[in-house]
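Here are the chains, one letter per residue:
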Amino acid sequence: MSSKFHTSRRSLIKGMAGLAGATALSSVVPGSAFAAGLTVGFLYVGPKDDFGYNQAHAEGAAAVKGIEGVTLVEEENVPETVDVQKSMESMINFDGAKLIFPTSFGYFDPHILEVAPKHEDVRFQHAGGLWSADKHPQNVGSYFGYIGMGQYLNGIAAGHATKSKKIGFVAAKPIPQVMLNINSFLLGARSVDPEITCQVIFTGEWSMAVKEAEATNALADQGVDVITCHVDGPKVVMETAAGRGAFVCGYHADQSPLAPDLYLTGAEWNWANVYTNMVQSVLAGGSIDNFVRGGLAEGFIKMSPLGPAVSDAARNQFEATKASIMKGGFAVINGPMKDNTGNVIAEAGQSFEETDVSLESMNYLVEGVIGSAS
Amino acid sequence: MTDAAKTMAGPAPIKGSNSSVMEVWGHKAEAFLLPFGALLAGLAAFSVFLLFVGKSPVEFYSLVYKAGFGTAFSWNNTLSRTAPLLLAALCVAIPARLGLVVIGGEGAIVLGGVAAGAFGMFLPGLPGFMGIVGMFLCGALTGALWIGAVGAMRFKRGVNETISSLLMAYIAIALMNHLVEGPFRDPASLNKPSTAPLGETYRIGNIPGLDVHWGLAIGIIACIAMWVLIERTTWGFAARIVGGNIRAAQVQGLPVGLLMVGFCASAGAFAGIAGMMEVAAVHGTANGSLASGYGYAGILIAFLARHNMIAIIPVGILLAGFEASSGLIQRRMDLPDATILVLQGFVFVAILLSETLTGRFKLFQPHIGDRS
Amino acid sequence: MSESDIGLWAVPIAMLGGAIRVSTPFIFVSLGECITERSGRINLGLEGTLVFGAMSGYAIAYETSSAWLGVLGAAFFGALFGLFHGWICKLPKVNDIAIGIALMLLGMGLAFFFGKPYIQPVAPDLPALSFGFWSDVPQVQAALQVNVLFILGLVLAVAIAWMFKSTKIGLTIRVVGDSSDAARALGISANKVRLFSTAAGGALAGVGGAYLSLYYPGSWNEGISSGQGLMAVALVIFARWNPINCIWAALLFGAAGALGPALQSVGVSSGYYLFYAAPYVLTLLLLIATSSTTRALNGAPGELSISK
C-alpha cells in the first residue's frame, strides 16, 4: 500500500489504464465533475477561525477556492451526530458537491460510512481516519500527516531552551494522535538531554478555554518552562504560558504573533498544499488514493520559522534533524524503549518509522512522560 | 403567586363547567393563531436584522424553507433532527406540570446512552429483539433514576430542582467521559473513544419510507401518551393541583412526594430513551457525541410549547427545521452558523412575548360580555 | 525563570490561585443575579449576557486600545440585555424563565455573529496587582496575581449587602421581591424596581464576561464560556440570596475547579474527569446538607417563581 500522495499525472495514467479497480485502492470520480466544474464541500467541527485545527483546514479550503472551475461550500460547527450526515447530504443534494472533506476525526465512523454507500458518485475524503480496503467503501478515502515529526522538532527546540529540564504538554484526550505527539515532543527534547521529563495534563475537552488556562498554570507551577499543546485552539495555552514566562511551541497553525519573544517554533499543517493537489487531481479526471499519508517531505506539514530565543546550537540540531526527516525513513521510537509504566514498547534494534501504520494506534506514553495513558 | 409561576404551571388548571362550545373553540383558535402570528412577527423582526447587516431576507427565508421543509430530503433532514428533541422536551415539560423547573435533561440523555451502550457491549448476542429491549430498559431506567433523584432530593430535602438538575448534568457528562474513555472503552476505538460497536440485531433502523430512525415515532407516541395521561386521567388532575399549589394539594391528601418522584422519573426515562436511541439508531456505540446539547434545546421547546405535550411536536419540528437550514444559509449567503441562533432568539422572544396578548382579542372571546 | 520545586504544596497553592483566577466571573454574575432575584424576578439568560459581554468587551478594548473601556462597554450592553428582559417581563402573563432561556440564545447568537472579526486580533489585557511580593516562592507570587476586577467584586459584594440591609434602595428591592401587594400598598412600582434590578444584574454579568475575554483566559472565542453564566445563577440559590455568600460560593467553585489540573501536575493522573466534576459534586453535596424541607429556602424572595 502506498502511503505517498500521488500526483495528478500518475493517477490520471493509472485511471486510464483501468488499474484503479484492479488495485482496489483508488476510485475514479466521474467525468461529469470535470465537464461542469467541481463543487467541493468542507465541514468543520468547530469555528473556522479558532487559531488551530479548524482554521488550518479552512485555510486549506481557501486555497482550493482559487482554483478555476472549483466551487467551494463550507459549514462550520457541525456536531458529530446525525447533523453531519445531513449536512453532507445537503451539500450533495442542494449544491451538487462531488468531493467532500469532512475534517473531524469523529465524522468517520459511523457518519461517513453511513452516507457514502448512498452516494456512490461522491468522493468523501476524511482527515485522520484509517481507511481499509476490506472494511470501507471505495468512494471513501482517508488522509493525514505525520505531524508527530513536527512535535519531535518542537521537542528539539524545547530541549535546548529548557533550564529546569521539565517541559509540559496540555492535551485534550489520551488518544493515539495525541499520544504520538506527546511522545515525539519528549523524545525530541531527550535527543538534546536524556534527563528531560515531560509533564502532561489532559483537559478532557477539545475546546475549553478556562480548563486549558488552568492546565497551563498548573504546569508552570511545577517549574515547567517550555509548553506545547494538542487542543483544537492553542491560543489560550500560548498566551497563558507566555504570561508565566514559559517558552512555547506552536501546534496546528503559526501562533508566533501571540508570543513573539517566547515562541520557539511550531508544528503546522500545510493543508493548502494537500487540498490543492487533491482537487487538481480530481479536476484533471484522475483519482485520489484511498489511503494517503504524508509528512514534511510531501508538504503535508511544515514548521514555523524559528523564533529569536532559539540558540545557534538548537538551530543546528533542528535543521540537521529536519533534513534527515526530509530524506524519509526517520523513526522517533527506537528500541530499546519502555513506556512510563515499565512495559517494553520496542526491543533493542527495533524502530518504528514515521510511515508505520501501527503508530496510528499508539496507546502508551514513553518513559519520561509524567501522565497516565488511560 | 406571580404571573410567571402561573404560566409555568401550564394552562388554567380547571375549566369552568359552563364553558360553551363557542368559547372552547375560541380558545383553541387563539392558542393556535396567536403563536403563529408571533412566529410571523419574529420572522419579520429578523428580516430587519438581516437588512441591517446587508443581506436579503427574501433569499434567507426561501433558503430556510427549501432546506428545512421544501423537498423530501429537507423533511428527512428536519425530522431526523426532531427525533431526540421531542423526548428531551418531555424531560422538561413533565416536571413543569408540577411546577418543577428541571433543566438538566442532558445528564439523563448521556447516561441513558452510556447505559444502553454498556448493555450492548457486555451482553451481546441476545436473541431477537431482546437486545434492543434490554438497551431500551437500561436507558430508560438510568434516566429515570437520574432525574428521579432530582425529584426525591426536592421532596425529601427541599433541594432546589433547577440547580440540582443542572449540577447533575455536569456530573453526568463527566461520568460519561470517564466511562467511555476508561472502564467501558473498546480498545479498538482509536481516536474517538467509544464503547464496543453494537451488533446488527442491536441496531435500530429507519421508519419505512423515511430516512428517519424510529426515535421520531417513539417521541411522537410518548408526547401523545403523556398528553392523555396528564389531560385525561386523575393522575394528571392531581398533578395539576400540585402544580397550582403544593400546600393545597398536601392538605387534600394528595401523594405529593410520589407525584414529584414519579413525574421526574418518567421525565428522566424519556431523556434516557433519547440517549439510547442515539446509541442504537445513530452512533452504534456510546461516546462523547452523546453530549450534543439536545437536553438544552429541549428546555426551549418545552417552554415554547407551554409544557403542552402535543404542542411539543410542532415546536420541535420548527426548531429542527431551522437547524436543518443552517448549512445552506452558511453556504449560500456567506453568513456564520450563529445566524440561526439569532433567528431562533428573535422568533422565540416574539412567541413568548405574544403570551401577554392571550385573552386580549374579542374575536376569541365570544362570551366575554356575559362574564363581566 | 527559576520556579522552585514545591511538590505537593502545588495543589493548595494552585487551588488558591484557581479560586482567585476562576471565581471572578462567577462573583459578578451571581451578584448581578442576586440583585435581580431579590427583586422577585429570575433572569436565566445571563449566560447569553456573559458571552455577549465577553465579545463586546474584547471588541471595544481592541478598537479603543483600552481594556477599561471594554469593561464599560460590556456593562453597557449587559444592561441593555437586562432592560430588554425586564421590559418584556413586566407585561402580564409572560414567563420570566422562558424569556431568560430565549435571551440566552439571542445573546450567544449575537455574540458569535458579530464576534467573528475579533477572534484573531489581540486586545489589551486588564491589569493585575501583585500581592505575592512577600514570598520568594514564584508559584505563590503567580497565584497572588490578583486582577482589579476581583477586588472590585469583593467590594461590590460588601456594598450590595450593605445596600440590602441599610439603604432605602435595598429595602425597596426587598419589599418588591417579597410581596408585590405590599409594594403596591407602599406606592412602589414593582415593575419599575424589577426593571432596574434586572438591568443592574445584566450589567454585572456583562462585566463578568469581560473578565473572561480581557483577563482570564484572556481572549475571545466561541468556547470562552463553559457555562459560567448558567452556573452562577445556580450559585445564587446556593448562596441563599446573600451577596457575601455569593463570594464564598464563587471562591469554593473556583478552587474546586483548579483541583483537576493541579492533581495531574503532581502525578495523580487517572480518573481526571471525575476530578473535573469536583466543583459540581461538592456544590451538590453542600446543597443537600444545607437544605431542609421545614425551613425551605431560607431567605428566598417570596415573589420568585423558581423557589415556590
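Residues numbered from 1 in each chain as written. Chains lettered and ligands numbered in written order. Predicted model: local features only at pLDDT ≥ 70, side-chain atom pairs only at ≥ 80, totals over all residues. Heavy atoms only, no water.

Moving on to the sheet that holds strand 13 (residues 291–294) of chain A. All names here are of chain A. Strands sit in the order 3-2-4-5-6-13 across an open sheet of 6 strands; the sheet is parallel. With partners counted over all chains shown, the strands left at the sheet margins are strand 3 (70–75) and strand 13, one partner each. Put simply, the sheet's adjacent strands are angled 20° from each other on average, direction ignored. Taken together, the 4 bridges between strand 2 (residues 38–43) and strand 4 (residues 99–102) define a ladder with parallel strand orientation. By the bridge assignment, Phe42 is partnered in strand 4 with Phe101. (Pairing = 2+ DSSP bridges. Helix = DSSP H or I, 4+ residues; strand = E, 2+ residues; numbered from the N terminus. Axes fitted to C-alpha atoms, helices over the stretch in contact; angles between N-to-C directions.)

What follows concerns unusual backbone geometry. At the junction of Gly335 of chain A and Pro336 of chain A, the peptide bond is cis and its omega measures out at -5° in the coordinates. Note that Pro336 of chain A resides in the loop between strand 15 (331–334) and strand 16 (337–338). Of note, the amide linkage connecting Tyr216 of chain C to Pro217 of chain C takes the cis form, showing an omega dihedral of 0°. Looking at the secondary structure, you find Pro217 of chain C in the loop between helix 9 (190–214) and helix 10 (228–238). One non-glycine residue with positive phi stands out, namely Arg306 of chain B, at about 55°. With respect to the helices and strands, the residue Arg306 of chain B is situated in the loop between helix 12 (294–304) and helix 13 (312–333). In this model, Ser65 of chain C sits at a positive phi of 60°, which is unusual for a non-glycine residue. With respect to the secondary-structure elements, Ser65 of chain C resides in the loop between helix 2 (46–64) and helix 3 (67–89). Judged by its relative accessible area of 58%, Ser65 of chain C falls in the exposed class. (Buried < 20%, exposed > 50% of the residue type's maximum accessible area, 1.4 Å probe, protein only.)

Another point: the pairing of strand 11 (residues 263–269) of chain A. All names here are of chain A. In terms of burial, strand 11 is largely enclosed, as 7 of its 7 residues are buried. Strand direction decides the pairing type here: strand 10 (residues 247–252) and strand 11, joined by 4 bridges, are parallel. Counted as the bridge partner of His252 is Glu268 from strand 11. Note: strand 11 against strand 14 (residues 301–303), 3 bridges, orientation antiparallel.

Residue and element names in this part refer to chain B. Domain parsing of chain B yields domain 1 (23–55 + 340–372) and domain 2 (71–334). Relative to domain 2, the C-alpha centre of domain 1 lies at a distance of 29 Å. Between domain 1 and domain 2, the contact holds 12 residues from the first and 13 residues from the second. With both sides pooled, the region where domain 1 packs onto domain 2 buries about 1100 Å², and carbon together with sulfur makes up 75% of that total. (Domains from an automatic or database assignment. Contact = heavy atoms within 4.5 Å. Buried area = accessible area lost by both parts, 1.4 Å probe.)

The next subject is the interface of chain C and chain A. How big an interface is tends to be stated in terms of the accessible area lost upon association of its parts. Taken together, the contact between chain C and chain A spans 40 residues of the former and 41 residues of the latter. Taken together, the two surfaces of chain C and chain A that pack against each other cover about 3200 Å², and 51% of this comes from carbon and sulfur. Our count for the chain C to chain A interface comes out at 3 salt bridges. Here Asp49 of chain A makes a salt bridge to Lys116 of chain C, at a shortest N to O gap of 3.8 Å. Mapped onto the side of chain C that touches chain A, the elements with two or more residues apiece are helix 1 (10–38), helix 5 (138–143), helix 11 (243–265) and helix 12 (272–276) of chain C. Class assignment for the residues of the side of chain C that touches chain A results in 21 nonpolar, 14 polar and 5 charged. (Salt bridge = Lys/Arg side-chain N within 4 Å of Asp/Glu carboxyl O. Nonpolar A, V, L, I, M, F, W, Y, C, P; charged D, E, K, R; others polar.)

This next bit is on the sheet that holds strand 14 of chain A. Ordered by their spatial adjacency, 7 strands build an open sheet running 14-11-10-9-7-8-19 (chain A), and the pairing between neighbours is mixed. The open sheet is flanked by strand 14 and strand 19 (369–370) of chain A, the only strands paired with a single partner.

Across the boundary between the two partners, chain B contributes 51 residues, which contact 49 residues of chain C. Here chain B meets chain C over a buried area of about 4700 Å², counting both sides, of which 76% is carbon and sulfur. When the buried area of chain B at its contact with chain C is split by residue, Arg157, Leu167 and Tyr170 of chain B rank highest and sum to 13% of it. The tally of links from chain B across to chain C stands at 0 salt bridges. Inspection of the region where chain B meets chain C yields 6 residue pairs in polar contact (both at pLDDT 80 or more). When contributions to the side of chain B that touches chain C are tallied by element, the ones reaching two or more residues are helix 1 (3–8), helix 6 (130–157), helix 7 (161–181), helix 12 and helix 14 (338–354) of chain B. (Polar contact = N/O pair within 3.5 Å; in protein donor to acceptor, adjacent residues only side chain to side chain.)

Right, let's talk about a nonpolar patch on the surface for a bit. Residue and element names in this part refer to chain B. Together, Phe32, Leu33, Phe36 and Leu40 make up an exposed nonpolar region whose accessible area comes to about 400 Å². Along the chain, the position of Phe32 falls in helix 2 (residues 21–52). Phe32 gets classed as exposed once you look at its relative accessible area, which sits at 53%. (Patch = residues over 30% accessible without salt bridge, like charges linked within 9 Å, V, L, I, M, F, W, Y side chains within 5 Å. Areas by Shrake-Rupley, 256 points an atom, 1.4 Å probe, with all protein chains shown as cover.)

A few words on the packing of aromatic side chains. Counted under the stated rule, the structure contains 37 aromatic pairs over all chains. Ring centres of Phe60 of chain B and Tyr61 of chain B lie 5.3 Å apart, and the angle between their planes is 85°; this geometry places the pair in the edge-to-face category. Between the aromatic rings of Phe52 of chain C and Phe77 of chain C, the centroid separation amounts to 5.5 Å while the plane-to-plane angle is 70°, which identifies the pairing as edge-to-face. Taken together, the residues Phe52 of chain C in helix 2 and Phe77 of chain C in helix 3 connect sequence positions 25 residues apart. For Phe77 of chain C, a relative accessible area of 28% gives the class partly exposed. One aromatic cluster is present, built from ring pairs that chain together Phe42, Tyr44, Phe101, Tyr143, Phe144, Trp269, Trp271 and Tyr275 of chain A. One residue, Lys211 of chain A, lies across the ring of Tyr276 of chain C, its end atom 4.3 Å from the ring centre. The lysine or arginine in question, Arg38 of chain C, covers the ring of Phe164 of chain C, its NZ or CZ lying 4.6 Å from the ring centre. (Phe/Tyr/Trp six-rings, centres within 6.5 Å; stacked < 30°, edge-to-face > 60°. Lys NZ or Arg CZ within 6 Å of the ring centre and 35° of its normal.)

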